[in-house]
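Each chain, letter by letter, is given below.
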Amino acid sequence: MSIAELKKKIDEVDVVSFDIFDTLIVRLYRKPTDLFMHIEESMEAEGFKHARISAEQAARDIAFKNDIHEITLEEIYREIHPSYRELMAKETELEKRMCKANPEMQEVFRYAVSKKKTISISSDMYLPRDVIEDILHQNGFKGYKIFLLSSETRRPKITGEMYEDLLRKTGAAPNRILHIGDNRISDYGVPVKAGLNAFRYEPITDTCGDNLNSAYFALLNKHADKSVATSILKGMITLDTARHPEKNYWEQFAYRYAGLTMVGYCRWLKQQFDKEGIKKAYFMLRDGYIVKRVFDFLYPDFETHEIYGSRRMFLFVRMNKYEDIKEYFTSLIEGVSYRSLFTRLLIDSPALYEAYCEKFPHQDDMITDAEEIHRFMKDHEADLLAVGKAENDLLAEYLRSIRVSDGKCAIVDLGWRCSMLKGLQAVCTRNDIPHNFYGYYLGTHPFQGKELRVASFALNNGKPTDPASIISSMNSLYVIDILELIFSAPHSSILKLKREKGSLIPVHQTATRDELERQRLSKTILDNVLLFAEEYRAATEGFPVTISPEAALLSSYYFNTKVSPFDREMLSRVFVFPGLGDDSVCFPLTK
């Protein structure tokens, strides 16, 4: 039954009774008892979850022996170990924090109020009235006249007694009352047996959660028992889907798949900075663009800067002889014309270009002999060194201007072989710029450079920092392309620096139609990752939980092993540019 049809049923009655939890209110967890796991971790109360569940069962056993049909929170805490009793206040505080309005039923509730119906709130729940009313009021549920709570009356819905109380308080005939709730028995079977109208509401945990995200949510479910962060992620995705049914695919993609990765990485970065006594961080463009903005949101008092970098930017700067860059030329030669090879590298040397055109006059022909290119470049090594010298001077001036020599500096990037960090250190060393760099990455693949100080969040030299096999997915080329899409900036790759009107500015890769579309997606990803960061911080502030590399990279594992046909199709519509320099050759993001 649709919401519109439910409203018609409301029109036909005088009294509307609403269940609370999983109907009017949803918790930001996979299941209610994950709140106890949240308290255990955030309050460092080892064993609390098991103790709290056991105490509730003990309290219910006592009540049952005394023919009492409901218990209170205080009775539960009487049965718990004394060392945990002070956590009762934390439990109610966290319930208020993690309980949110269900947007579907909020619409129905407001409709019933607008139609001047008598509104009843009915709940089988151990929480005290003041806590539940705070939850209702902070989520905009006002205007009800009757509040029936089993922890007060000891007369729950499941026994039918609460519906007897509802009939007595309203004085309405049973067929003039409609009860709405999610439980098949206590919210539907029992009231129907008592002669009331009932509507069994399918909770958004099903309609906007498991049913819509079955493969991904199955993965989250599997790992939620050992990760509060994963449980919260599932709850947040479910609520966001219900709140924003109008979101397009990429808005949903960023919130579902990129949010926890970004927040987990940024929290790890801050921990590493504090550990090393680092007070300033430089985020490498392009792949540090979104990370910086999430980090700045989470830690606004920490000093951060952007820093330009790309493989092309350091190509000629690091060159001492042609052999140093020969492998890059080899990777660029296949399948390109003579003209394309030269122009994509943006080599600012008229003399070299003149000699190149004289040697290879048919510029639009495809290169068929790589060795002839290598011989030409080797013969003109001095011209290439001059290009490198000019670019080096600009880059050194730029690095001095952004104060990289001021104490310990974090250099933050996505991954994979630390080439940007190597380039920065080489330029600083060559130009006598003092530097004390610490490189930080989401993951690194095997790289050369024992002199580098490098730490990785999830993948270190191709090996997981967390022994979970999930992290190994970051070695997949498909996952790498997806991560680079998620982390990239809404601008083209930076190729080199140039001076314009007395200032140093970046020279960007030419933006093709496909690149402009990727930039548009990057803005969408940024907006929705920031929304996730804001809502995750609100949910966990004061109750922090660990975001392990395994939890943060579950989406990467999903893309590598269980990606849905729809996600695969949508990703294939994005084009990636794997080349070096001003390269327009692109490929669809496919597995």
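What counts and how
- Residues numbered from 1 in each chain as written.
- Predicted model: local features only at pLDDT ≥ 70, side-chain atom pairs only at ≥ 80, totals over all residues.
- Heavy atoms only, no water.
- Axes fitted to C-alpha atoms, helices over the stretch in contact; angles between N-to-C directions.
- Helix = DSSP H or I, 4+ residues; strand = E, 2+ residues; numbered from the N terminus.
- Parallel < 35°, antiparallel > 145°, perpendicular 65-115°, else oblique.
- Left-handed = near helix turned anticlockwise from the far one by under 90°.
- Contact = heavy atoms within 4.5 Å.
- Pairing = 2+ DSSP bridges.
- Phe/Tyr/Trp six-rings, centres within 6.5 Å; stacked < 30°, edge-to-face > 60°.
- Buried < 20%, exposed > 50% of the residue type's maximum accessible area, 1.4 Å probe, protein only.
- Lys NZ or Arg CZ within 6 Å of the ring centre and 35° of its normal.
- Salt bridge = Lys/Arg side-chain N within 4 Å of Asp/Glu carboxyl O.
- Nonpolar A, V, L, I, M, F, W, Y, C, P; charged D, E, K, R; others polar.

With that settled, consider the packing of helix α17 (residues 326–333) against helix α20 (residues 370–379). Orientation of α17 relative to α20, taken along the N-to-C sense of each, is 140°, at an axis distance of 10 Å. Judged on the interaxial angle alone, α20 and α17 are oblique. Considering only the axes of α17 and α20, their crossing is right-handed. Where α17 approaches α20, its residues Lys-326, Phe-329, Thr-330 and Ile-333 are matched on the opposing element by Ala-370, Ile-373, His-374 and Met-377.

Turning our eyes to something else, we now look at the sheet that holds strand β6 (residues 177–181). With parallel pairing, the 5 strands of this open sheet are ordered in space as β5-β4-β1-β6-β7. The two strands at the open ends of the sheet, each matched to only one other strand, are β5 (146–149) and β7 (197–200). Geometrically, the sheet is characterised by an average inter-axis angle of 20° between neighbouring strands, direction not taken into account. As paired strands, strand β1 (residues 15–18) and strand β4 (residues 118–123) are joined by 4 bridges and run parallel to one another. In the strand pairing of β4, Val-16 is matched with Ile-119. Across the sheet, helix α1 (residues 3–11) lies against β1, β6 and β7, angled at about 150° from β6, the strand it touches most. Here helix α6 (residues 103–114) sits on the sheet and contacts β1, β4 and β6; the angle it forms with β1, its principal contact strand, is near 155°.

Another point: the packing of aromatic side chains. Using the criterion set out here, one finds 38 aromatic pairs in the structure. The interplanar angle of 55° and the centroid separation of 5.2 Å between the aromatic rings of Tyr-216 and Tyr-558 together place this pair among those described as tilted. Of this pair, Tyr-216 sits in helix α12 (residues 214–224) while Tyr-558 sits in helix α26 (residues 554–561); the two residues are 342 residues apart in sequence, bridging distant segments of the chain. Tyr-558 matches Tyr-216 in its accessibility class, with the two residues each being buried. One aromatic cluster in this structure is built from Tyr-265, Trp-268, Phe-273, Phe-283, Phe-295, Tyr-299, Phe-302, Tyr-440, Phe-457 and Phe-487. Residue placement shows Arg-52 over the ring face of Tyr-126; its charged tip is 5.1 Å from the ring centre. In this structure, Arg-537 is placed above the aromatic ring of Phe-297, and the distance from its NZ or CZ to the ring centre is 4.1 Å.

Before going further, it helps to examine the pattern of salt bridges. Throughout the structure, instances matching the rule amount to 41 salt bridges. Ionic pairing is found between Arg-30 and Asp-225, a salt bridge with its closest N-O pair at 2.4 Å. Note that Arg-30 is positioned in the loop between β2 (25–27) and α2 (34–42) and Asp-225 in the loop between α12 and α13 (228–243), a separation of 195 residues in sequence. Salt bridges sharing common partners tie together Arg-52, Glu-56, Arg-60, Glu-70 and Glu-91.

Okay, the packing of α13 against helix α14 (residues 249–276) next. Where α13 meets α14, the axes come as close as 10 Å, and the angle between the chain directions of the two elements is 150°. Taken together, the axes of α13 and α14 lie roughly antiparallel to each other. Once α13 is placed against α14, the crossing between them reads as right-handed. Listed contacts from α14 to Ala-229, Leu-233, Met-236, Ile-237, Asp-240 and Thr-241 of α13 are Tyr-255, Arg-256 and Leu-260. Here the residues of the contact of α13 with α14 sort into 6 nonpolar, 1 polar and 2 charged.

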